[in-house]
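Inside the fold
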Amino acid sequence: MATILSFRVSNYALNINMTGQQRYTARDSFTGIPEEYTPHVKAYAAKNYYVDDIDRALANGWLTAEEHQETLELKTDADPQFRPTSLAAE
């Protein structure tokens, strides 16, 4: 079993959900991240990113509809939901 490195999880989540520089699976000329990281990256994104960030990743084509739904299903009430209005303008 491969070791899951936390710095890679956070970097993959950032690159997939916030900048579009990577994908979960090979598509759009991207190679995809290692498969064993996928559940950890989705959980990290659910815990750390607003719903609007994840929605934007879907709208930009960085996530598939399935990846988007799977990530949102991991969100709990304690996780960030929608960006506060005071931050939305930034």
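Here's the deal with unusual backbone geometry
Here the phi dihedral of Asp28 falls at roughly 55°; this positive angle occurs in a residue that is not glycine. Note on placement: Asp28 falls in the loop between α1 (6-18) and α2 (38-48). With a phi close to 65°, Ser29 is a non-glycine residue in the positive phi region. Of note, Ser29 is situated in the loop between α1 and α2.

Comments concerning the packing of aromatic side chains
According to the stated counting rule, one finds two aromatic pairs in the structure shown. Arranged with centres 6.1 Å apart and planes meeting at 80°, the rings of Tyr44 and Tyr49 form a pair that is edge-to-face. Across from the ring centre of Phe30, 4.0 Å away, lies the NZ or CZ of Arg23, which sits over that ring.

Comments concerning the packing of helix α3 (residues 51-59) against helix α4 (residues 65-73)
Packed helices, taken two at a time, are described by their axes: the angle between them and the distance between them. Following both chains from N to C, one finds α3 and α4 inclined at 170°, their axes separated by 9 Å at the closest point. In this view, α3 runs roughly antiparallel relative to α4, as classed from their interaxial angle. The segment α3 lies against α4, with Val51, Ile54, Asp55 and Leu58 engaging Ala65, His68, Thr71 and Leu72. The residue makeup of the contact of α3 with α4, split by class, is five nonpolar, two polar and one charged.

Describing the nonpolar core
Formed by 14 residues in total, the largest nonpolar core has its most connected members in Ile16, Tyr24, Ile33, Tyr37, Val41 and Leu63. When residues of this core are traced back to their parent elements, those giving at least two are α1, α2 and α3. If you tally residues by element for this core, the top one is α1, at four residues. Leave out the neighbours within four places in its chain, and Ile16 touches Gln22, Arg23, Tyr24, Ile33, Val41, Ala57, Trp62 and Leu63.

As for the pattern of salt bridges
Evaluated as defined, the whole model comprises five salt bridges. The salt bridge partner of Glu67 is Arg27, with a shortest N-O separation of 3.8 Å. Remark: Arg27 occurs in the loop between α1 and α2 and Glu67 occurs in helix α4; sequence separation between them is 40 residues. A salt bridge links Arg56 to Asp53; the nearest nitrogen and oxygen atoms lie 3.2 Å apart. Of this pair, Arg56 and Asp53 both sit in helix α3, separated by three residues, roughly a single helical turn. Assessed through its relative accessible area of 36%, Arg56 is described here as partly exposed.

What counts, and where the lines are drawn
Chains are numbered independently. Their residues run from 1 in the order of the written sequence. Reporting of local features is limited, given that this is a predicted model, to residues whose pLDDT is at least 70; pairs of side-chain atoms are given and counted only at 80 or more, and all residues count toward the totals for whole chains, interfaces and linings. The basis for every side-chain value is the complete set of heavy atoms in the structure, and neither hydrogens nor water enter the calculation. Helix and strand assignments follow DSSP, with helices taken as H or I runs no shorter than four residues and strands as E runs no shorter than two, numbered in order from the N terminus. When the centres of two rings from Phe, Tyr and Trp lie within 6.5 Å, Trp using its six-membered ring, the rings pair. Their planes under 30 degrees apart give stacked, over 60 give edge-to-face, and anything left gives tilted. We call a charge positioned above a ring when the Lys NZ or Arg CZ atom is no farther than 6 Å from the ring centre and deviates by at most 35 degrees from the ring normal. Structural elements are reduced to axes, namely lines fitted to C-alpha atoms, with helices fitted over the stretch in contact, and the angle between N-to-C directions of any two is expressed from 0 to 180 degrees. Orientation categories follow fixed angle ranges, with anything under 35 degrees roughly parallel, anything over 145 roughly antiparallel, 65 to 115 roughly perpendicular, and all other angles oblique. A contact between two residues is defined here by any heavy atoms of the two lying within 4.5 Å. Gly falls in the polar group here, along with every residue not listed as nonpolar (Ala, Val, Leu, Ile, Met, Phe, Trp, Tyr, Cys, Pro) or charged (Asp, Glu, Lys, Arg). Here, nonpolar core refers to any group of buried Ala, Val, Leu, Ile, Met, Phe, Trp, Tyr and Cys residues whose side-chain atoms link them within 4.5 Å. Burial classes: relative accessible area under 20% of the type maximum marks a residue as buried, over 50% as exposed, and values in between as partly exposed (1.4 Å probe, protein chains only). We define a salt bridge as a side-chain nitrogen of Lys or Arg found within 4 Å of a carboxyl oxygen belonging to Asp or Glu.

Everything listed here is a matter of coordinates, which is why it stays silent on function.
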